[in-house]
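Read off the chains here:
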Amino acid sequence: MMKICVIGPQAPTQQQLLTMFRQRGDDIVTGEGESPPPAGVYLCVAITDAIKTATRGVVILDARPDFAPAVGEGAMYADICLVATDDDRLRLVDEFGCEPARIFVAADNHRAVEIIDRAARDTLLPAPALSRPQKTESTLPLNDAHSPDVALAQIRGRLRAIEQQADVVLRHYRVRSGAPLVGRFIVWLRRNLTSHLREPYLDPILNKQVAFNTQLVQELQTMLSVQADLLHRLEKLEQAILPDKNGRE
Amino acid sequence: MRFLHVTHQYPPAIGGSEKYIADLSEALVARGHQVDVFTTRAKDYHSWRAELPPFDCQNGVTVYRFASLRRGPMTWRMLHFGLRNYWRTRSRRYEPFIFLGGGPNSAGMAWAMWRRAGQYDLIHLNCLVYTHVVYGYRIAKRLGLPVVMTPHAHIEQEQTYNIGFQRAALLGADHVIADTTAERDRFLELGVNPWQVSVSGVGLNLAAYRHDMDTAAARKKLNLLPDAFIVLFLGRKVQYKGWDMALEAYTAIREQYPHLHFLAVGPETDDSARLWPRYQHTPGIHVMGKVSEADKLAALQACDCLILPSAGEAFGIVFLEAWLMGKPVIGLRTQAVSSLVQHGYDGLLAEPGNPADLTALLAHLVTNPHLARQMGRRGRQKVLQHYTTAHIANKTEAIYMQTLRRHRRKTDS
């Protein structure tokens, strides 16, 4: 036997539902306000404070007879929400962000009794997932990301970035010193202490590296142009062949 | 009611999960609840260095901060050693390395929870990747308190939620709040009871985004051209945020669309320092480091679209911010972002690891500005309907009440 506390004014459908519970021998009480009497199930037939404040039992919102926007705001506080149609269920999820698993469609009171019964005994399975059409309204066709033009533009961009880095020498670097009076001497000393490494050894290596980098980028750009040309020729050939191929098929 | 929120960091520390818990705490206080926060004194999870005061009161929320063990090179090595071997062997013996290496290891916070958590009706643990959730969960269970958890799991990065001790806390929590439907589905796969998981997401506090600046004024403020098409990257300039991929896409089509400009806003990192020299001669790139909230709003208002090809987003609060300003977004087709952005409707999604796809999508928006505006409008509508702090607070309050009822039913029986 369950103890059910009914909160809010009841519509004829809900009176029938309560009659069904009474006939089974369940204990039905009515309650109002923020502190309704203790019960195992709180059946709210309207949005009341009790939905938000109840800290015991299972709170069930029966929104079947009159689905109003106010229902949506309270529905997420209930453990279970009963609605009459799939459209109402969809509205609760889409407009108010309620959990679809907690919203059940109960077309008749027999189904409602079954759901409430299972919810009270913690044996209710979550409601099935929503089925709805996808809102994919891609108004314009998207570019083909794998088209040769896009891929070539991508590689050209990368090559440009590499070309700008080809000159690895720090050409604007000057030995400086902030020391007062002896600063110029320090600069002269540092320059002369490192010149035996820089002039015969580092500078030629770096210049060779720069020349190599520049030449490599140029070669890559030439290869890219050849490849672009080949891709376009291939595309033209494919376009010429495809109708014929389709025609034969 | 009295709620205790336990989190790794709390503002002024920056981050999506920090903002989430702060906005939620303040919204619940505004509804008449008492909310206390236990957190660390750190502002930076790389080091867990104690920088913030131990006690603070922010808009009615009482914040208690505790020092935690510093994370240095040794701790990081311990974490990497643990992770490397854990994924190889799935052996529990490596979990302590991950636990100690991850942090925050705060004995003070654990002790305070043990002493004082009993006076709260419910405990909310935020951000599963950090270990405060693990000892927070153990203590709450020992005290017989209901636990709600928001893991903010990066579902593509299993190490953020699927280590043995994390999984135990996840499965044992009385209710788990997922950011996206993809995250919820992953938790269901791991065995979380379907009644005990909800999708909520992160909300924006609309008052914080109110401003009287139009696009022209915002561009003037940031010294941007009034008639340019501006692509905004907003976030830490780290590799996993797709910072380099966004720049590559921009560079690829810049020559084709000379009116295209790239605005990069967010803290610089070692990644970005390494990458900048490559793009120093590319025209139209505007760089801003860490900026104030006002400048961030100006950047969002000034742009024509947001690009964030991030491979590791738990939710992507930046997408919401761009939408709120009526701007379309371009992201990656990862599970979390796909749950939020509807491709072709309120944004565009590129295939992960395919820069050419991202380039094509960017070119598509540049050539169809009216479509960009339409997507932005739809995104804004989505935010106002589902992703405001008020809405998230409603949902979370409802989850708290449902969890309390369920917990009491269990303890009564």
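Residues numbered from 1 in each chain as written. Chains lettered and ligands numbered in written order. Predicted model: local features only at pLDDT ≥ 70, side-chain atom pairs only at ≥ 80, totals over all residues. Heavy atoms only, no water.

K.L.:
How would you explain the side chain of D23(B) if you had to name every residue and give the values?
P.N.:
As for its placement among the helices and strands, D23(B) is situated in helix α1 (residues 16-30). Once you skip the residues sitting within four places of it in the chain, D23(B) turns out to touch G203(B), N205(B) and T389(B). (Helix = DSSP H or I, 4+ residues; strand = E, 2+ residues; numbered from the N terminus. Contact = heavy atoms within 4.5 Å.)

K.L.:
Mind laying out the pairing of strand β2 (residues 27-31) of chain A, listing which residues take part and the relevant values?
P.N.:
All names here are of chain A. When strand β1 (residues 3-7) meets β2, the two strands line up parallel, connected through 5 bridges. Looking across to β2, one finds that C5 is bridged to V29. Viewed along the sheet, the connection from β1 through helix α1 (residues 12-24) into β2 turns out right-handed. (Pairing = 2+ DSSP bridges. Right-handed = clockwise from strand over helix to strand, strands pointing away.)

K.L.:
Explain empty space enclosed by the protein to me, and be specific about the residues and the numbers.
P.N.:
Inspection of the entire model under this criterion finds 2 cavities of 30 Å³ or more. Of the pockets and cavities examined, the largest cavity occupies roughly 120 Å³. Along its surface, the largest cavity is lined by 14 residues, and M76(A), C98(A), E99(A), R102(A) and Q402(B) are the ones closest to its centre. Sort the elements by how many residues they give to the lining of the largest cavity and helix α16 (residues 389-412) of chain B lands first, with 4 residues. Classifying every residue of the lining of the largest cavity gives 8 nonpolar, 3 polar and 3 charged. Within this model, the second largest cavity holds a volume of roughly 50 Å³. Around the second largest cavity, the lining residues are Y20(B), D23(B), L24(B), V202(B), G203(B), T389(B), I392(B) and A393(B). Mapped by element, the contributors of at least two residues to the lining of the second largest cavity are α1 and α16 of chain B. Partitioning the lining of the second largest cavity into residue classes produces 5 nonpolar, 2 polar and 1 charged. (1 Å grid on protein atoms, 1.4 Å probe; cavity = no way out; pocket = protein on both sides within 12 Å on 5 of 7 lines; lining within 4 Å. Points joined across faces, edges and corners; volume = space filled by probe spheres on them. Nonpolar A, V, L, I, M, F, W, Y, C, P; charged D, E, K, R; others polar.)

K.L.:
So, the domain arrangement of chain B: which residues are in play, and what are the values?
P.N.:
Quoted interface sizes are often the accessible area lost when the parts come together. Residue and element names in this part refer to chain B. Taken as a whole, chain B is organised into domain 1 (2-68 + 103-203 + 388-412) and domain 2 (207-386). Taking only C-alpha atoms into account, the centre of domain 1 sits 30 Å from that of domain 2. Taken residue by residue, the interface counts 19 residues in domain 1 and 19 residues in domain 2. For the pair domain 1 and domain 2, the summed buried surface comes to about 1,500 Å²; carbon and sulfur atoms form 59% of the total. (Domains from an automatic or database assignment. Buried area = accessible area lost by both parts, 1.4 Å probe.)

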